[in-house]
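Examination of the molecular architecture
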Amino acid sequence: WNFFGALDCRSELAALMASRVEGFGSVMWWGFSPSQDLGALANEGKTRRSLEAAIGGMTIQSDHVNILLAGCGDLRHVMQTVANSHQYTTKPLHFYITESCLEVFARHMLFLSLLFEPPDKLGPQEKVELFLELFGNSLVRAQSVDYLRSKATELIKMVTDLDYLKVCIPVLDISGLKFKERDLLEGIFKFWRSPDNTTFDTKKHWEGRLRHYLGARYDSRSGVFDWDCQMKLKEMAPVVNPKEYSDWREGGVAFRLRDDAPYETSNRTLASGVVISQGGNAVAKRGYWGDIVNSPYLSFGVESENKELFKTVNGRPAKTSMGVSEWNLLSLIQILTTGERAGGGVGGMMP
């Protein structure tokens, strides 16, 4: 090693790390790992009785379990842990969630509210489609936009009236938020329900992020997408289909569960503001500042207890990550809302 060689190496490493961070984005809209049952993960290999004792010993209070989640980006661990909690404890689970920005917490409220929709309003399959579409698509159908605007009005009432929140989402407590933070949440929900589609153009923001991230490689981006999938993502998530991954990288639409309507309206839940330097001045700018390299498939679409989903045909997975995500989420929603598992058995249920 010589001094200049070491400097060059560090410079290249710094440039590589900066590029990776830019691809991940500054806002974590979804997780970069599969959903985990945190109780089982923390107590792997222990018997049911020792699990109960160990879990109880994690808390100051003996009548409930406290779990802290910091910067997870979505509710995947919460849903998976609650669904399987009957295996190791009968005590209530108290999740304390902290995120880097309020827009992520606003999405948590949206998806919890969606889960608690009465079955006569939304069936399990409809919940799955709405959840995945709003969760991981930059562009959504008109029906989803109508639902989001209607739900945003309800969410505004929830953050301004905690008694109403308790009725609508009985498992959620936002009393720990400051009044200023609740006011900001109200502003986010008002933005979601705005009928003015010109204030947030996801296509424009996505293309801008891609051009900046890829630089001179932008014109050959299809090859870059295929390389990233085959040489990087496949090692961690073999089920991810190169075509579905490339389609998401190109335009940000990960889940096309319906063919009866176009995906063409910006998903406002993926909008957030950042402060950037412009002409020497700090300027607040709204845009899409999330992940453009990993994909939302990692949260629900790369692992499953249903091993049939990972069968291969001629050496290739028969199912796509979208199919795995759909099955996993449908199974979780069924457990959380009815207490019953798909194909029999019981699971943890949201009160």
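Residues numbered from 1 in each chain as written. Predicted model: local features only at pLDDT ≥ 70, side-chain atom pairs only at ≥ 80, totals over all residues. Heavy atoms only, no water.

What follows concerns the overall build of the protein. Regarding its fold elements, the protein presents 14 helices and eight strands. Taking all 351 residues of the protein together, the buried fraction comes to 48%. The long-range share in the protein, meaning contacts at least 24 apart out of those at least 6 apart in sequence, stands at 75%. Accessible surface, the protein: about 18,000 Å² in total, of which carbon and sulfur atoms supply 55%. (Helix = DSSP H or I, 4+ residues; strand = E, 2+ residues; numbered from the N terminus. Buried < 20%, exposed > 50% of the residue type's maximum accessible area, 1.4 Å probe, protein only. Contact = heavy atoms within 4.5 Å. Areas by Shrake-Rupley, 256 points an atom, 1.4 Å probe, with all protein chains shown as cover.)

Before going further, it helps to spend a moment on the confidence of the model for the protein. Summary statistics for the protein give a mean pLDDT of 86 and a share of 85% for residues scoring 70 or more. A low-confidence stretch, residues 47-60 stays under pLDDT 50, and its non-local contacts, those more than four residues away or across chains, total 23 contacts. (pLDDT = per-residue confidence, 0-100.)

Here we take up the environment of Ile174. Inspection of the secondary structure puts Ile174 in the loop between α8 (162-168) and α9 (179-193). Overall, Ile174 belongs to the buried group, its relative accessible area being 2%. As a C-alpha pair, Ile174 and Val159 span 15 residues in sequence and 8.0 Å in three-dimensional space. Ignoring sequence-local partners within four residues, the contact set of Ile174 consists of Phe105, Val159, Leu162, Leu165 and Arg182.

This brings us to the environment of Leu112. Structurally, Leu112 is set in helix α5 (residues 102-115). For the pair formed by Leu112 and Phe131, sequence separation is 19 residues and the distance between their alpha carbons is 9.9 Å.

When we look at a pair of aromatic rings, we describe it by the centre distance and by the angle of the planes. Taken as a whole, this structure holds 14 aromatic pairs when the rule is applied. Cluster of aromatic residues (ring-pair linked, three or more members): Trp30, Phe111, Phe131, Phe135, Trp206, Tyr245, Trp248, Tyr288 and Phe300. Stacked on the ring of Tyr164, the Lys or Arg Lys157 has its end atom at 4.4 Å from the ring centre. Taking NZ or CZ as reference, Arg221 lies 4.2 Å from the ring centre of Tyr218, over its face. (Phe/Tyr/Trp six-rings, centres within 6.5 Å; stacked < 30°, edge-to-face > 60°. Lys NZ or Arg CZ within 6 Å of the ring centre and 35° of its normal.)

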